[in-house]
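Each chain is listed here by its residues.
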Protein chains: 2
Amino acid sequence: MTFLSERSKHAQNAIEVEDIVAEELVKEGRKVVSLNRGDPAKYLPTPKYIVDSYKKALDDGKTGYSKAEGLNELAVAIAGRYKRMHGLNLKREDIICTAGVSEALEFMNSAMVSSGDSAILFKPYYPPYMSHLRLNDGNVVLERYNESDGWNVHIDELRHSLSYLKKSNRLKKVKYMLMTNPNNPTGTVLRRKVLEEIVDLANEYGLFLISDEIYDEIVYNGARFTSVSELAEGMPHAILNGLAKDYDATGFRLGYMIVPEDDKRSLELKKKMVDYARVRISLNTPSQWAAVEAINNVKEHNRWVKSYVKEIEKRMNYAVDLLEENPYLQVVRPNGAYYIFPKIDLKLLGFKSDMQFVDTLLRKTGVQIVWGSAFGEPSHLRLVGLAPKEILEYALNRLNNFCRKNARN
Amino acid sequence: MTFLSERSKHAQNAIEVEDIVAEELVKEGRKVVSLNRGDPAKYLPTPKYIVDSYKKALDDGKTGYSKAEGLNELAVAIAGRYKRMHGLNLKREDIICTAGVSEALEFMNSAMVSSGDSAILFKPYYPPYMSHLRLNDGNVVLERYNESDGWNVHIDELRHSLSYLKKSNRLKKVKYMLMTNPNNPTGTVLRRKVLEEIVDLANEYGLFLISDEIYDEIVYNGARFTSVSELAEGMPHAILNGLAKDYDATGFRLGYMIVPEDDKRSLELKKKMVDYARVRISLNTPSQWAAVEAINNVKEHNRWVKSYVKEIEKRMNYAVDLLEENPYLQVVRPNGAYYIFPKIDLKLLGFKSDMQFVDTLLRKTGVQIVWGSAFGEPSHLRLVGLAPKEILEYALNRLNNFCRKNARN
């Protein structure tokens, strides 16, 4: 008998796997630059008005438990945000607050996925999507974002797949289709036209559509973001979001799921999410009060987020420019979030895998990034472009030189 | 095909089920007194030195992600606490920080329990123990705390059960034995002698022993607490604990698991818990820094905790005194935690179930408590004795009068 459960092997997240190596190097006195975690608060301070309201909540004694599915006041704030930005009329019951999008993924997979069920993910995918699906004995149907079309969704391919799933009688086992927009790890913002077609297909095939829109305000280089919530009226869908990225508050661990419709599946899901929330009693309370102010103070937020996104745009473009000097990489320039996901010519560089490349890079140069195969896309790398120019310059030059040195030509 | 998974029915926690009724009553202008949640911060403010260090962390910009398994500084603080209080020498790898004990339960059950496996729980049990076990397809072997012996463990009964499990070849399916000390919902502090015998039995039968000691400093009426960690040296075990109760910081959502030994099972478990932590990226960061100070500032803590526990002792004894005036209840006086778990004579009062009693009580009197069957013990009630004297007096007199009015004699 093995002690650990079979499912537990799916509990893994490659994004932090090399942190141990990085810690060791630092202990040896080496300089390490970590571009592995998408943590804006590491370099760009969380807005003062949010921090102040967090402190006020603490002063006001908001240190006890709060309602399991989130403060009513926070639900009102979130409803206000979706009214302002997307014209939605959300009710309290449509909103479930969670410890980051992570917990929403945990709850919804446990609630929806039985052994033998499946879900449609698009690769490259954010690794915890796969973990939570697999931890609940789900199978994956892997669609893809199309690298040659800027990582957009190839609609004909998707239509073909869905039609095939239906014909082969496997569609009824599909519990949801989950997409990320703006995307992690590619930084792509899906075109409105493409989104409309995805929504139409989901509707045609009766799929429960889930859109992870945690980076919805971090959009630049002229791109425009469209929320699935604007397009999916009348069909079952859910939106995942949170405070981490748009409000630069990663360390608050505050996410939410909205389920705007009242069809049978939507009703069952949102009711059950509350049950899951009750099992873990409460979220961190003072951070929820900070979130209420973060969202409701639209004036402060809008002023701040403009400069925040401008700064990210500048850093990202600078990083991409540097990576484009590297002949062994092929980069799609992102226009959302803060990830860069270049393709790498491993053969030419003499590496067997992107994992081996990343590990060697870290040990030789002190630059920490993530391997693409963690996202279901081998021969790729994920870099976070949030660091200030000098740090990006230092790290990416080391990466570029490392490639040049290893090149077999 | 049902939309929700079969397992999802186990996601439930009766402690908060009546909150909706309570909310409705309040909306109607009725006065509600809720004695259902064990939330000290509702009535007794979180110590100022902890709140101040939380605010300082925010001022210092500690708002980004932190190490998935918890800050190294927090692990050092926790190790220091266990060194001081129980003479343990814990390593960083022995400590995994979690979003409350709730998340530790989630991780450990997902990591340890496969379909067909089981775990030994004692009834009455804290409801999430059962939820997490069942959510992972585990079966329960229910032992019991003995009401007629002040809810202590009846060692001969336990020995008999274990021997039977072994003979019937079911012992090898038992992944862990989990106990709570001091207990929720009974408020019992297990006697050292009893604990020693439990540990011996666990050792004899090769069980992985888990002790939830979240109330370890909330002990009174002359009782003394013994940690399993003092007795279980050399055998696989884990301790669950956190900031919520001893530091009056329920709304921080900060728990931890310690796994002191390095046998094969312990090593596998603690390593896998880190993997689970990585899937959800990070805990709330500023609250962890508050926790570092909360634990390390022993002088402030000791001064405060003394008066905190004295106050709880006073309130609890006052509540028990009032309940003892009720001839339809039978109360075991607690000496730890802040729950009272009286037996109720439902037949004499004309109720079919404790659930019906609790629901009717709330609707008629505005007093909210929890039914015992949620803890696996029908014909019991759980009340929280944390409110100030006036509130307890108001609520418990209403409860007593409600019983008198309904009595069939």
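Before reading further, recall that the structure is shown in the block above.
Throughout what follows, the structure given in this document is the object of discussion. (Residues numbered from 1 in each chain as written. Chains lettered and ligands numbered in written order. Predicted model: local features only at pLDDT ≥ 70, side-chain atom pairs only at ≥ 80, totals over all residues. Heavy atoms only, no water.)

A few points about the interface of chain B and chain A
Right, so step 1: With 73 residues of chain B in contact, the opposing surface of chain A contributes 73 residues.
Right, so step 2: Buried area between chain B and chain A, both sides added, is near 6000 Å², and the carbon and sulfur share of it is 53%.
Right, so step 3: If you sort the residues of chain B by the area they bury against chain A, Phe3, Tyr65 and Arg278 of chain B come out on top, with a joint share of 15%.
Right, so step 4: Put simply, chain B and chain A have four salt bridges between them.
Right, so step 5: Here Glu23 of chain B and Lys67 of chain A are joined by a salt bridge, their closest N and O atoms 2.5 Å apart.
Right, so step 6: Our count for the chain B to chain A interface comes out at 45 residue pairs in polar contact (both at pLDDT 80 or more).
Right, so step 7: Of all the secondary-structure elements, those providing two or more residues to the side of chain B that touches chain A are helix 1 (19–27), helix 2 (48–59), helix 4 (100–112), helix 5 (127–135), helix 9 (264–279) and helix 10 (285–296) of chain B.
Right, so step 8: The biggest single contributor to the side of chain B that touches chain A is helix 9 of chain B, with eight residues. (Contact = heavy atoms within 4.5 Å. Buried area = accessible area lost by both parts, 1.4 Å probe. Salt bridge = Lys/Arg side-chain N within 4 Å of Asp/Glu carboxyl O. Polar contact = N/O pair within 3.5 Å; in protein donor to acceptor, adjacent residues only side chain to side chain. Helix = DSSP H or I, 4+ residues; strand = E, 2+ residues; numbered from the N terminus.)

Quick notes on the pattern of salt bridges
Right, so step 1: Tallied over the full model, the rule gives 60 salt bridges over all chains.
Right, so step 2: Between Lys55 of chain A and Asp59 of chain B there is a salt bridge, and its shortest N-O distance comes to 2.7 Å. Taken together, the residues Lys55 of chain A in helix 2 (residues 48–59) and Asp59 of chain B in helix 2 connect one chain to another.
Right, so step 3: You can call Lys55 of chain A buried: its relative accessible area is 17%.
Right, so step 4: For Glu217 of chain A, the salt bridge goes to Arg81 of chain A, with nearest N and O atoms at 2.9 Å. Of this pair, Glu217 of chain A sits in the loop between strand 7 (209–212) and helix 8 (228–231) while Arg81 of chain A sits in helix 3 (residues 72–86), and the two are 136 residues apart along the sequence.
Right, so step 5: For Glu217 of chain A, a relative accessible area of 15% puts it in the buried group.
Right, so step 6: Judged by its relative accessible area of 1%, Arg81 of chain A is buried.
Right, so step 7: If you follow the salt bridges from partner to partner, you end up with Arg81, Asp216, Glu217 and Asp246 of chain A in one network. (Buried < 20%, exposed > 50% of the residue type's maximum accessible area, 1.4 Å probe, protein only.)

Quick word on the packing of aromatic side chains
In this description, a pair of aromatic rings is defined by centroid distance and the angle of the planes.
Right, so step 1: Tallied over the entire structure, the rule returns 31 aromatic pairs over all chains.
Right, so step 2: Here the aromatic residues Tyr54 and Phe252 of chain A together with Tyr54 and Phe252 of chain B are joined through ring pairs into a cluster of three or more.
Right, so step 3: Its end group placed over the ring of Trp289 of chain A, Lys62 of chain A keeps NZ or CZ at 4.6 Å from the ring centre.
Right, so step 4: The ring of Phe3 of chain A carries the charged tip of Arg265 of chain B above its face, separated from the ring centre by 6.0 Å. (Phe/Tyr/Trp six-rings, centres within 6.5 Å; stacked < 30°, edge-to-face > 60°. Lys NZ or Arg CZ within 6 Å of the ring centre and 35° of its normal.)

Quick look at the sheet that holds strand 4 (residues 139–146) of chain B
In sheet architecture, strand pairing relies on hydrogen bonds along the backbone and comes in two forms, parallel and antiparallel.
All names here are of chain B.
Right, so step 1: Taken in spatial order, the eight strands make up an open sheet running 2-9-8-7-6-3-4-5, and their pairing is mixed. Two strands close off the open sheet at either side, each with one partner strand: strand 2 (95–98) and strand 5 (152–153).
Right, so step 2: In this fold helix 4 packs onto strand 2, strand 6 (174–180), strand 7 (209–212), strand 8 (237–242) and strand 9 (255–258), with an angle of close to 165° to the strand it touches most, strand 6.
Right, so step 3: Where helix 5 meets the sheet, it contacts strand 3 (118–123), strand 4, strand 6 and strand 7, and its direction lies at approximately 165° from that of strand 4. (Pairing = 2+ DSSP bridges. Axes fitted to C-alpha atoms, helices over the stretch in contact; angles between N-to-C directions.)

Examining empty space enclosed by the protein
Think of a ball as big as a water molecule: rolled over the atoms, this probe shows where empty space is left.
Right, so step 1: Enumeration over the complete set of coordinates arrives at four cavities of 30 Å³ or more.
Right, so step 2: There is about 670 Å³ of room inside the largest cavity.
Right, so step 3: Along the wall of the largest cavity there are 39 residues; nearest its centre are Glu103, Glu106 and Phe107 of chain A together with Glu103 and Glu106 of chain B.
Right, so step 4: The set of elements that each furnish at least two residues to the lining of the largest cavity consists of helix 4 (100–112), helix 5 (127–135) and helix 9 (264–279) of chain A together with helix 4, helix 5 and helix 9 of chain B.
Right, so step 5: Taken together, the residues of the lining of the largest cavity sort by class into 15 nonpolar, twelve polar and twelve charged. (1 Å grid on protein atoms, 1.4 Å probe; cavity = no way out; pocket = protein on both sides within 12 Å on 5 of 7 lines; lining within 4 Å. Points joined across faces, edges and corners; volume = space filled by probe spheres on them. Nonpolar A, V, L, I, M, F, W, Y, C, P; charged D, E, K, R; others polar.)

Overview of the relation of the copies chain B and chain A
Right, so step 1: Mapping chain B onto chain A leaves a residual RMSD of 0.0 Å; the transformation is a rotation of 180° accompanied by 0.0 Å of translation along its axis. What the superposition gives is, in effect, a two-fold axis relating one chain to the other. The C-alpha atom lying nearest the rotation axis in chain B is that of Lys55 of chain B; the distance is 2.8 Å.
Right, so step 2: Of the residues that chain B buries at the interface, 100% are likewise interface residues in chain A, meaning the two copies contact each other through the same surface. (Least-squares fit on C-alpha atoms with pLDDT ≥ 70 in both.)

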